[in-house]
Amino acid sequence: MKFVSLTTMILSAAVMAGVAIASENLTINPMNLPCDNPNKVGCSLGIKGFNNGNDFGYECGPTGEILAYASCDCKNCCVVLDNGGNFTCE
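The structure presented is a predicted model; accordingly, all values stated were derived computationally and were not measured. (Residues numbered from 1 in each chain as written. Predicted model: local features only at pLDDT ≥ 70, side-chain atom pairs only at ≥ 80, totals over all residues. Heavy atoms only, no water.)

## Overview of the state of the cysteines
Summed over the entire model, instances satisfying the criterion amount to four disulfides. Two residues share a disulfide in this structure: C35 and C60, whose sulfurs sit 2.0 Å from each other. Residues C35 and C60 are joined through a disulfide that is right-handed, its torsion about the S-S bond being 90 degrees. Here C35, found in the loop between α1 (2-23) and β1 (41-44), pairs with C60, found in strand β2 (residues 56-60); they are 25 residues apart in sequence, far enough to count as distant. Taking the relative accessible area as the measure of exposure, C60 reaches 1% and is therefore buried. (Disulfide = S-S within 2.5 Å. Helix = DSSP H or I, 4+ residues; strand = E, 2+ residues; numbered from the N terminus. Buried < 20%, exposed > 50% of the residue type's maximum accessible area, 1.4 Å probe, protein only.)

Spelled out as structure tokens, the structure:
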């Protein structure tokens, strides 16, 4: 019985270590994230782990998911123009 418990603990630790290592290889980006302005352009103040937390502009699709995005090189600088028709990083 002790052998089974020890084996289970070792396997569990190995699996958790594998998950931790694999998670370092994840690439975070805004593609397909939810947005609240369908068929318009919007700005985000950034996502932790993406673009050093800088702003980005995006195109929100008809189903409320980000279809395309462009990164800004600054924080708090993305501005929506033309009532959601375009954006700029100032």
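That shown, we press on.
## Some details on the nonpolar core
With six residues, the main nonpolar core is built from C35, F50, F56, Y58, C60 and I66. Sort the elements by how many residues they give to this core and β2 lands first, with three residues. Not counting the four nearest positions on each side in its chain, C60 is found in contact with C35, D36, N37, P38, N39, K40 and E65. (Core = buried A, V, L, I, M, F, W, Y, C linked by side-chain atoms within 4.5 Å. Contact = heavy atoms within 4.5 Å.)

## Some thoughts on unusual backbone geometry
With a phi close to 55 degrees, N51 is a non-glycine residue in the positive phi region. In this fold, N51 is placed in the loop between β1 and β2.

## A word on the sheet that holds β1
Whenever strands of a sheet pair, they do so through backbone hydrogen bonds, lying parallel or antiparallel. Spatial strand order, β1-β2-β3: three strands in an open sheet with antiparallel pairing. Pairing within the sheet leaves two strands with one partner each, and these edge strands are β1 and β3 (66-71). Along the sheet, successive strands turn relative to each other by an average axial angle of 25 degrees, direction set aside. (Pairing = 2+ DSSP bridges. Axes fitted to C-alpha atoms, helices over the stretch in contact; angles between N-to-C directions.)

## Considering the side chain of N54
Tracing the backbone through its elements, the reader meets N54 in the loop between β1 and β2. Contacts of N54, omitting those with residues within four sequence positions, involve L45, G46, C72, D73, C74 and K75.

## Focus on the packing of aromatic side chains
Summed over all chains, the structure comprises four aromatic pairs. Summarising the aromatic geometry, the rings of F50 and F56 are spaced 5.7 Å apart at their centres and angled 85 degrees between planes, so their arrangement reads as edge-to-face. A ring pair is formed by F50 and Y69, whose centres lie 5.5 Å apart and whose planes are at 80 degrees; its orientation type is edge-to-face. Of this pair, F50 sits in the loop between β1 and β2 while Y69 is found in strand β3, placing the two residues 19 residues apart along the sequence. The rings of F50, F56, Y58 and Y69 are connected pair by pair, giving a single aromatic cluster. (Phe/Tyr/Trp six-rings, centres within 6.5 Å; stacked < 30°, edge-to-face > 60°.)

## A look at the environment of N39
Mapping N39 onto the fold places it in the loop between α1 and β1. Judged by relative accessible area, N39 falls into the exposed class, the value being 58%. Taking the C-alpha atoms as reference points, N39 and G85, 46 residues apart in sequence, are found 9.0 Å from one another. Non-local contacts of N39, meaning those with residues more than four positions away in its chain, are made with C60, G61 and P62.

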